[in-house]
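Working through the structure, step by step
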Amino acid sequence: MGAVLSNLIIILMLLLLIGLACAYLYREKKRGSHCIGCPMAAGGGCPRKKICAKTG
């Protein structure tokens, strides 16, 4: 019983983390970010701005 409960907790934690990551990506794409996760993309000073705009 203990092993089943611990496995269930691990699975729920993984699902929560994956869900939060998907929600973050969805929000950023909705805002129009091309380079998600790039710290320089927020200020518009990303040197790869033209490359990311083509692929995004």
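Residues numbered from 1 in each chain as written. Predicted model: local features only at pLDDT ≥ 70, side-chain atom pairs only at ≥ 80, totals over all residues. Heavy atoms only, no water.

Brief notes about the overall build of the chain
On a plain count of helices and strands, the chain comes out with 2 helices and 0 strands. Considering the chain as a whole, with its 56 residues, one finds that 7% of them fall into the buried category. Split by element, the accessible area of the chain, about 4900 Å² in all, is 72% carbon and sulfur. (Helix = DSSP H or I, 4+ residues; strand = E, 2+ residues; numbered from the N terminus. Buried < 20%, exposed > 50% of the residue type's maximum accessible area, 1.4 Å probe, protein only. Areas by Shrake-Rupley, 256 points an atom, 1.4 Å probe, with all protein chains shown as cover.)

Side note on the side chain of Glu28
By the secondary structure assignment, Glu28 is in helix 1 (residues 2-31). Residue classification places Glu28 among the buried residues on the basis of a relative accessible area of 12%.

Things to note about a nonpolar patch on the surface
A grouping of Leu5, Leu8, Ile9, Ile11, Leu12, Met13 and Leu15 is seen on the molecular surface, where their side chains present a nonpolar patch of about 690 Å² in accessible area. Inspection of the secondary structure assignment puts Leu12 in helix 1. (Patch = residues over 30% accessible without salt bridge, like charges linked within 9 Å, V, L, I, M, F, W, Y side chains within 5 Å. Salt bridge = Lys/Arg side-chain N within 4 Å of Asp/Glu carboxyl O.)

Brief notes about helix 1
With 30 residues, helix 1 should reach 44 Å at 1.5 Å per residue; the first-to-last C-alpha distance of 44 Å fits that figure. Positive backbone phi, approximately 100 degrees, marks Gly32, located one or two places after helix 1. (Expected span 1.5 Å × (residues − 1).)

Quick word on the pattern of salt bridges
Per the counting criterion, the structure on display carries 1 salt bridge. As a salt-bridge pair, Arg31 and Glu28 come within 3.1 Å of each other at their nearest N and O atoms. Pair noted here: Arg31 and Glu28 are both in helix 1, with a separation of 3 residues, about one helical turn.

Quick look at the environment of Ile36
Looking at the element boundaries, Ile36 is found in the loop between helix 1 and helix 2 (49-55). For the pair Ile36 and Tyr24, spaced 12 residues apart in sequence, the C-alpha to C-alpha distance is 9.3 Å. Apart from the residues lying within four places of it in its own chain, the contact partners of Ile36 are Tyr24, Leu25, Glu28 and Lys29. (Contact = heavy atoms within 4.5 Å.)

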